[in-house]
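Okay, here's what each chain looks like letter by letter:
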Amino acid sequence: MSLHTLSVAELAAGLRSKQFSATELARHFIARSEAHNGLLNGYITLTPERALADAAAADARLASGQAGPLTGIPLAQKDIFCTDGIRTTCGSRMLKNFVSPYDATVVERLVAAGTVLLGKTNMDEFAMGSSNETSHFGLVRNPWDTDRVPGGSSGGSAAVVSARLAPVATGTDTGGSIRQPAALTGISGIKPTYGRVSRYGMIAFASSLDQAGIMAPSAEDCALFLEAIAGFDPRDSTSVDVPVPAYSAELGQSVKGLRIGVVREFMEGGLDPANAALIRAALQVYADQGAEIVEVSCPNMGMSVPTYYVVAPAECSSNLSRFDGVRFGHRCENPKDLMDLYKRSRGEGFGAEVKRRIMTGAYVLSAGYYDAYYLKAQQVRQLISREFAAAFTQADVLVGPTSPTPAFKIGDKVDDPITMYLNDIYTIGANLAGLPAMSIPCGLLDGLPLGLQLIGPHFAESRLLSTAHAYQQATDWHRRLPAAYA
Amino acid sequence: MAEYVKSTLTGREWEVVIGLEIHAQLATNSKIFSASSTAYGAPPNSQANLVDLGYPGVLPVLNGEAVRMAIRFGLAVGAAIAPRSVFARKNYFYPDLPKGYQISQYELPVVQHGTMPILLEDGSTKVIGITRAHLEEDAGKSMHEGLGAFSGIDLNRAGTPLLEIVSEPDMRSAKEAVAYLKKIHTLVRYLEICDGNMQEGSFRCDANVSVRPVGQEKFGTRAELKNINSFRFVEKAIQYEIARQIELIESGGKVVQETRLYDSARDETRSMRSKEEANDYRYFPDPDLLPLAISESDIAIVRSTLPELPDEKAARFCSDHGLSAYDAGVLTSSRELAAYYEAVVAAAGGEPKLCANWVMGEIAGLLNRDSLDITATKVNATALAGLLARISDATVSNKLAKEVLLAMWDEGRSADAVIEAKGLKQITDTGAIEAIIRQVIDANPEQVAGYRAGKDKLFGFFVGQAMKATGGKANPAQLNDILKRLLAG
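Draft legend 1. Region of the structure containing the environment of A204 of chain A. Residue and element names in this part refer to chain A. With respect to the helices and strands, the residue A204 is situated in the loop between strand 5 (188–191) and strand 6 (211–216). Considered as a pair, A204 and N319 are 115 residues apart in the sequence and their alpha carbons are 6.4 Å apart. If we skip the residues at most four places from it in the chain, A204 touches D210 and N319.

Have a look at this one:
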């Protein structure tokens, strides 16, 4: 039996029926991870000892009948989530040796659910990037073509799930960092509503946009894990006290009569016709199941990228001020005075993309520029939110592409930040409006996967997941593995 | 009436303009955005948790008690409580500022447009405007001594809740500034939102000071004075600064907008940093905190718990007790003192003026002598009322009563016990007094003759002799009457 091709539900069933133990399952994924990480570099830190200890505890729970639906399921954590006793680097030299003294809420909840931690996944430095090429710990390779990027910033999580080195991984999404890499590696990924999952212990990039989510082969896998991490957390003032539905139990909802809105602006303006054809084919699958396909318009969607590149850097310039070499993280050798300590610690600890965004952010917040940039961007953000709200009066779910192109070659865009930023042109809108969105595999282009993006109204995760699930009942793109990792 | 400063150099008259920024540390048990204790004096960094240390991934959660305290203050100064206020980040790097930004309120503060009346020396009242009061977190402390080439950081204070109370530039002299500061100090203690301890830094103030020629409408350039930690230093720092600015301008110089540190040891202000070096704080709304929403019912709940405020109490002392505005102001300067005075009046069953005189005079004097607070008084309200009763019923004279009080204070005994033990009971028996006076008259025939010949001044001599003979215990009024009658022959 190939344990790595089973779904989360199948793994849970196998554990309960004692077809295999949590320890056997952990060993299988540890072995795969250790065998393939050298090339893919999806993990920054592998934690085999922790995994075996977690698995032993899970086996005890399973034996005592105390197990929950996720007990014994292995997973990988994006290295942006603080893990007590295990280093948390955020992909940065700044935190190369940082060992967190506490668990993030997401980590705490997954520990409580009895999951097994395989390791911490690679990512763009401080989640700033769309190709996983800005990590201090080296680039990540796409399992579908190892000369190509896996997307970013959750590129490590995407690669390890795509290659089935882990059945599931956590991710974070500030401008598309779950959805774009999911699309480029042929897996499913959900970014919930802003406030749905606690940000406590998730190292902040842009606080008003950051949201944790799940990356896994299928929407069903995502649903099982999302219900474990979602929910109000008093330690995060922006987390929302709205009950968490049983997403996995609600997956069976039919799409008959569901109004699926195609966002006109997503399909026009230079979308590769081959990419557009895949989206139209996916729409046909829904039409065949009785969904109503409608066209909607969000005229200012084109403003989302420039808006994002004001708001996100502004917040990051402030969020990253705490990395000053004083209390934790990188400190330069022999500082001659306080200013030298700051300048060299930060100069050495941060990479080029992080510095670019800090400088951009400090600029847009500075006296004399605040109104023209930051305040204007906030106004456009409101405008985009209102356009989405209007679109949701005509449609229940919005769809479009997740990324403009399939995975690109390593090094192709690394010297051209603007082209790199445009990779997130379809995903950023949902972050600006705080909406839940997901990407599911919808076909291959020249042998490389592409994603279909679904966007829902606030707190409509259940609708998104069941819409995605309905598609996956009729197609098998989410079951396709890159040949080398089958 | 406006009070101007006359230049000693040129004789020109200058008007002083002062605004105060008061930082009151709110008396919450835990910090404004974390669960750490705010208790003073703990070993360095023992009260700094991961949130206070600004660890990666941690988030602030607003302490509701700090908000309620801000509302209490706002209501007490007749201000508007903002239904929606916003926390912003003030960005700058300093080692005692762990996050690299301070969370404060910038554009939309919780308290807006209040007022505080102050009593001027001429007995009139002046209303000082309170522009705003906003919530913010304090920074930690940097320590530069005793650590060699290093600086030490203590983050116990980091995240302590502060209410920054900003006045309008309405004050025209150092005395007015002190009067306003004292009123705010009294108020925050009445409201039990701040312990008012200036030595420990729980109540501190910055003063914005400028001068302009009398008649000029435009404000002069102001300097901000920092590090003033007593009422006396506020007055001295402002006085120094006024003189410095006038002298500077009159000798052809210009006041620069800058922050100046008051050095109490040298009694001078020194430039800290000028505008050219000033930070651009890059304020923006803190995305980790939702806008603070305060409903009418939240406000109503706080309003229902407000105590009688100092000015209300003082007005009542004037109208019901017949006290002067000055006396009422002194007695209401702290909630504890007012409570003590009221307890004395209650126990004495009236005579508020007598009670007020004794509380403000003798009791205040003894407290001052022993460096005690009214809460540590050695003669409680009932005991003092017991003594006042002995004055009213003429058991002891006012003068002897002071001696009795001293013994009560030092020995902890009741007035009656002291009077009894010391034999200080006033002689009011007319016959006894008359007998003593006759002895005095008989012993001093020459003086009697002189008095009867018109030397009125000799009357005092007989009073003295008679009092001496009674050990000061004769009732003075009776003694006067009898003496006059007998001397008249």
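Draft legend 2. Fine view of helix 4 (residues 105–112) of chain A. Residues and elements named next belong to chain A. Most of helix 4 sits inside the fold, with six of its eight residues counted as buried. Those residues of helix 4 that fall on the buried side of the exposure criterion are T105, V106, V107, E108, R109 and L110. Packing partners of the buried residues in helix 4 comprise strand 2 (74–78), strand 4 (169–173), strand 6 and helix 7 (219–229). Within two residues after helix 4, G114 carries a phi angle of roughly 90°, on the positive side.

Draft legend 3. Spotlight on the domain arrangement of chain B. Domain boundaries in chain B define domain 1 (5–301), domain 2 (308–422) and domain 3 (430–487). Domain 2 of chain B and domain 3 of chain B are separated by 33 Å when their C-alpha centres are compared.

Draft legend 4. Representation of the environment of L251 of chain A. Residue and element names in this part refer to chain A. Its place among the elements puts L251 in the loop between helix 7 and strand 7 (259–263). You can call L251 buried: it has 21 C-beta atoms within 10 Å. For the pair L251 and L465, spaced 214 residues apart in sequence, the C-alpha separation works out to 6.6 Å. In this structure, L251 is in contact with E220, A223, L465, S466 and H469, ignoring residues within four places of it in sequence.

Draft legend 5. Local environment of the interface of chain A and chain B. If you look at the interface, chain A gives 33 residues, while chain B gives 25 residues. Elements with a contribution of two residues or more to the side of chain A that touches chain B: helix 10 (304–319), helix 11 (338–349) and helix 12 (352–365) of chain A. If one sorts the elements of the side of chain A that touches chain B by residue count, helix 10 of chain A sits on top with three residues. Looking at side-chain class alone, the side of chain A that touches chain B contains 18 nonpolar, eight polar and seven charged residues.

Draft legend 6. Layout of the pairing of strand 2 (residues 13–25) of chain B. All names here are of chain B. Of the strand pairs in this sheet, strand 1 (residues 5–6) and strand 2 are connected by two bridges, and their pairing is antiparallel. Considered in strand 2, the bridge of K6 is made with E13. Between the end of strand 1 and the start of strand 2, which pair antiparallel, lie six residues, with G11 showing a positive phi angle near 80°.

Draft legend 7. Structural detail: the domain arrangement of chain A. Residue and element names in this part refer to chain A. The domain boundaries assigned to chain A delineate domain 1 (3–254) and domain 2 (303–379). Computed from C-alpha atoms alone, the centre-to-centre distance between domain 1 and domain 2 is 28 Å. Taken together, the contacts link 20 residues of domain 1 with 17 residues of domain 2. Residue classes in the side of domain 1 that touches domain 2 are distributed as nine nonpolar, eight polar and three charged.

Draft legend 8. View of the nonpolar core. All names here are of chain B. Formed by 219 residues in total, the largest nonpolar core has its most connected members in A70, F73 and A207. Ranked by residue count, the leading element in this core is helix 2 (residues 174–190), at nine residues. Apart from the residues within four sequence positions on either side, A207 is in contact with I18, L20, A177, L225, I228, V234, A237 and I238. V345, L384, L387 and V396 belong to the second largest nonpolar core, which has 37 residues in total.

Calculation criteria
Residues numbered from 1 in each chain as written. Chains lettered and ligands numbered in written order. Predicted model: local features only at pLDDT ≥ 70, side-chain atom pairs only at ≥ 80, totals over all residues. Helix = DSSP H or I, 4+ residues; strand = E, 2+ residues; numbered from the N terminus. Contact = placed C-beta atoms within 7 Å. Buried ≥ 20, exposed ≤ 12 C-beta atoms within 10 Å, placed from the backbone. Domains from an automatic or database assignment. Nonpolar A, V, L, I, M, F, W, Y, C, P; charged D, E, K, R; others polar. Pairing = 2+ DSSP bridges. Core = buried A, V, L, I, M, F, W, Y, C linked by C-beta atoms within 7 Å.

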